[in-house]
Amino acid sequence: MKKTSPSEMRCQIIHQRTLSELGLISLYEVSFNNGKYAVIRLDNDQTFQAGDIFKCINNLWYCDEKLIHPMSFQYVDQAEAQRSFLEYER
């Protein structure tokens, strides 16, 4: 019987910045391997840099083998991702 490979999605960080003066949330503009874009928010327990890869395998998210918990996001086109990233909480 043929094994099915796990469902995997990847995205690369394009830009990163920290939100608010307290720096509790990081914001990431990302490009997915399916051609879509998004702006992803993460608790700021560890910041990641442009070029880092987020992976989603079977609904679990990772970066550098570390389990992460992104807040909800929407797939958008590149222009909307750029606009959202720049305007988010400004």
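These numbers were taken from a predicted model, which means no experiment stands behind them.

Caption draft 1: Fine view of the nonpolar core. Grouped together as the largest cluster of nonpolar side chains are 14 residues, with contacts concentrated most on V30, I40, F48 and F54. Of all the elements in the fold, those that place two or more residues in this core are β1 (8-19), β2 (25-32), β3 (37-43), β4 (53-57) and β5 (60-63). Beyond its immediate stretch of four places on either side in the chain, V30 contacts C11, Q12, I13, I14, K36, Y37, A38, I40 and F54. The next biggest cluster of nonpolar side chains, apart from the first, holds seven residues, and it includes Y37, V39, V76 and F85.

Caption draft 2: Representation of the pairing of β5. Of the two faces of β5, only one is covered, namely that formed by W61 and C63; the face formed by L60 and Y62 stays uncovered. Bridge count for β4 against β5 is four bridges, and the pairing is antiparallel. Among the inter-strand pairings, K55 is bridged to a residue of β5, identified as Y62. Hairpin remark: β4 followed by β5, antiparallel, with two residues in the connecting loop; positive phi at N58, about 50°.

Caption draft 3: Main features of the pattern of salt bridges. For the structure on display, the rule yields four salt bridges. For R10, the salt bridge identified is with E8, shortest N-O distance 3.5 Å. With relative accessibility at 39%, the residue E8 sits in the partly exposed group. Of the charged contacts in the structure, one is a salt bridge between E80 and R83, with a shortest N-O distance of 2.5 Å. Separated by three residues within a single helix, E80 and R83 lie in helix α1 (residues 78-87), roughly one turn from each other. Residue E80 is classed as partly exposed on the basis of its relative accessible area, which comes to 28%. Of the residues examined, R83 reaches a relative accessible area of 37% and is grouped as partly exposed. Shared partners join several salt bridges into a network, and the residues in it are E80, R83 and E87.

Calculation rules
- Residues numbered from 1 in each chain as written.
- Predicted model: local features only at pLDDT ≥ 70, side-chain atom pairs only at ≥ 80, totals over all residues.
- Heavy atoms only, no water.
- Core = buried A, V, L, I, M, F, W, Y, C linked by side-chain atoms within 4.5 Å.
- Buried < 20%, exposed > 50% of the residue type's maximum accessible area, 1.4 Å probe, protein only.
- Helix = DSSP H or I, 4+ residues; strand = E, 2+ residues; numbered from the N terminus.
- Contact = heavy atoms within 4.5 Å.
- Pairing = 2+ DSSP bridges.
- Salt bridge = Lys/Arg side-chain N within 4 Å of Asp/Glu carboxyl O.

Function cannot be read off these values alone, since they describe shape.
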